[in-house]
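Observations on the model geometry
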Amino acid sequence: MKLGRLEPSPGRHLADALVAVALTTVALWAFSSLVSPWTSLGWVALTFWLAAVDRARSSKEALALGAGLSVTFSATVFQWFPAALQGYSGAPLWLCWGAMLLLAPVFQPQLVLTALARHLARRAVGERAAWLPAVTSMLVYVGVEWLAPKLFSDTLGQGFVSSERLRQFGDVAGAAGLTLALLAVNEWLLGAVRVFRARGVARALRPLGAAAVLLAGLTGYGALRLAQVRAATDATPALVVGAVQANITSYEKLKVEMGMYEVVRMVLDTHYALSDALLREAPLDVLVWPETVYPTPFGVPKSEAGAELDAEIAGYVAARSVPLVFGSYDVEDGREFNAAMFLAPAAREGGAPERAVYRKSKLFPLTEWVPASIDSPSLREWLPWTGRWTPGPGPRTLPLRRRDGRVLKVAPLICYDTVFPAYVAEQVRQGADLLLTLSNDSWFTGTPGPRMHLTHAIFRSIETRRPQVRVTNSGVSALIDATGEVLSEIGDAQRGTQVMRVPASPGLSTLALAWGHWLGPIALVCAVALLGGAVLGARGARR
């Protein structure tokens, strides 16, 4: 008498699911440390959860597995965020934690929708096309991350930023391409385990071989591109930058304690002193100060004291004969913008300093900008810390003249701008030779936040093959070359200055630069086609 496979009891089934979610959570937490050898766990981290989703008995159960992992993933990988939110908003810590966990499925929707799509695909095809649920899952994961960008635009592929060779694949499909590779290896390893149990070692070698070929291909491509980029990069610096990180934070608190004018006075005096030390160290093409370092409109003063401070900054540039790029505010028609000011000495003696402005376009939700569709007096009263800046007009480049008279085209970026690959790519397509980022990461000081932001910056340089100068108020300031290598940095919560000798742009073309963030939409279209075809085919077969 042949017996069918016994189904586990409901209690055992639930326990297995919880263990699977826990194992995947721990592995992803270790992977997110970006420290070898823990980053190697990324290749196996999702296998436990995927196996649990495959055992789901209903769509509701699959959705619960997706939502559960989104909560545990957020609670471990982003455990620093509630405290940072509390520091900014003043809300109770318990409320910040509750909001993050409650909204985790919204902030990590790819996990929820991947679980659902995988279950539906498996139910539609059964054992007839065992590959389809796996392929659909991978495509849905990548496609949803493109369709519904997360607050920090994080993706698993960023975990390989510390791998010199693997990260080079970013110039093909950005960090999303590495995410797809990670998902594929997880699927092959899970498949190998299943085949081994059912058919033995010989058959299991096939999916293992496929995973090995993919990893070898990524590594080989990385080695090739590293050699090409380095060979195309001129050893002569394209620009010599003086970067100033004063580590002055908590402006709002200081304003209450000292008064607005005294705070601005202290900030400027500190930056003058640090900049003068840099100018004594080496001849500079440009000085760079961080985002909103001058926390008031420049060029459109609100008071007589403000006009005097504006004139003082212009006078500093003229007296030192060095251009200055610094973060400030800009005002037009009653609208206020987060801006980067490019201030250069006058072209002729006695003339006014040359001034150009870049206005930040990608504003952080709520803290910098509230969409008009939800803005209201009651919202402002309930959330008094919400921002009132206006988004800038979009990507643009600005000229920056070297001491020898040559002009570089610079892609200015302010803070949140750097997490958008297509935005940066458009600036480079406009002819930018250099990415110049000003940022204020002080709200995340002492957390993984500054390093996460630096990771985004590294991938933007790889995707566009452009060097990048990144200057922040409290860290991490860095010089990044076109391979994504951090050539120098000033760490988190440190005061420091650096002379950054910026490598020339290798000028290489990349698929990520030419096509932008192309992988996400293609993956989503393919996922919908595969899943839709499977479901419709299953319905037709039942008729």
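Below or above, wherever it landed, is the structure these notes cover.

Conventions and cut-offs
Residues numbered from 1 in each chain as written. Predicted model: local features only at pLDDT ≥ 70, side-chain atom pairs only at ≥ 80, totals over all residues. Heavy atoms only, no water. Helix = DSSP H or I, 4+ residues; strand = E, 2+ residues; numbered from the N terminus. Rg over C-alpha atoms; globule rule 2.2 N^0.38 Å. Contact = heavy atoms within 4.5 Å. Areas by Shrake-Rupley, 256 points an atom, 1.4 Å probe, with all protein chains shown as cover. Lys, Arg positive; Asp, Glu negative; His and termini not counted. Charge placed at Lys NZ, Arg CZ, Asp CG, Glu CD. Polar contact = N/O pair within 3.5 Å; in protein donor to acceptor, adjacent residues only side chain to side chain. Core = buried A, V, L, I, M, F, W, Y, C linked by side-chain atoms within 4.5 Å. Buried < 20%, exposed > 50% of the residue type's maximum accessible area, 1.4 Å probe, protein only.

**Things to note about the overall build of the chain**
- What the chain contains, in helices and strands, is 18 helices and 12 strands.
- In terms of C-alpha radius of gyration, the chain reaches 26 Å, essentially the compact-globule figure of 24 Å for 543 residues.
- Projected onto its principal axes, the C-alpha positions of the chain cover 100 × 55 × 40 Å.
- Of the contacts made within the chain by residues no fewer than 6 positions apart, 69% connect residues no fewer than 24 positions apart.
- Split by element, the accessible area of the chain, about 24,100 Å² in all, is 62% carbon and sulfur.
- Mean positive and mean negative side-chain charge positions of the chain (51 and 42 charges, respectively) differ by 13 Å.

**Some points on the side chain of glutamine 468**
- Here glutamine 468 is to be found in strand E9 (residues 468-472).
- At a separation of 2.9 Å, a polar atom in the side chain of glutamine 468 contacts the main-chain carbonyl oxygen of alanine 457.
- Side chain to side chain, glutamine 468 and serine 461 meet in a polar contact 3.1 Å long.
- Among all residues touching glutamine 468, those that are not within four sequence positions of it are Thr418, Leu434, Leu435, Thr437, Ala457, Arg460, Ser461, Ala478, Leu479 and Ile480.

**Describing unusual backbone geometry**
- The amide bond that connects serine 36 to the next residue, proline 37, takes the cis arrangement and shows omega of 10°.
- Counting through the fold element by element, proline 37 comes out in the loop between helix H1 (10-31) and helix H2 (47-54).
- Note that the residue after glycine 475, namely valine 476, is joined by a cis bond; omega there is 10°.
- Topologically, valine 476 is positioned in the loop between E9 and strand E10 (477-480).

**Some points on the nonpolar core**
- Among the nonpolar cores identified, the biggest contains 78 residues, and Leu46, Trp49, Leu65, Phe78, Phe152, Leu156 and Leu182 are the most heavily contacted of them.
- With 11 residues, helix H9 (residues 170-199) is the largest single contributor of residues to this core.
- Once you skip the residues sitting within four places of it in the chain, leucine 65 turns out to touch Ala17, Val21, Trp49, Ala52, Val53 and Ala56.
- In terms of nonpolar packing, the next biggest core, distinct from the first, is built from 34 residues, Tyr358, Leu398, Tyr423 and Ala425 among them.

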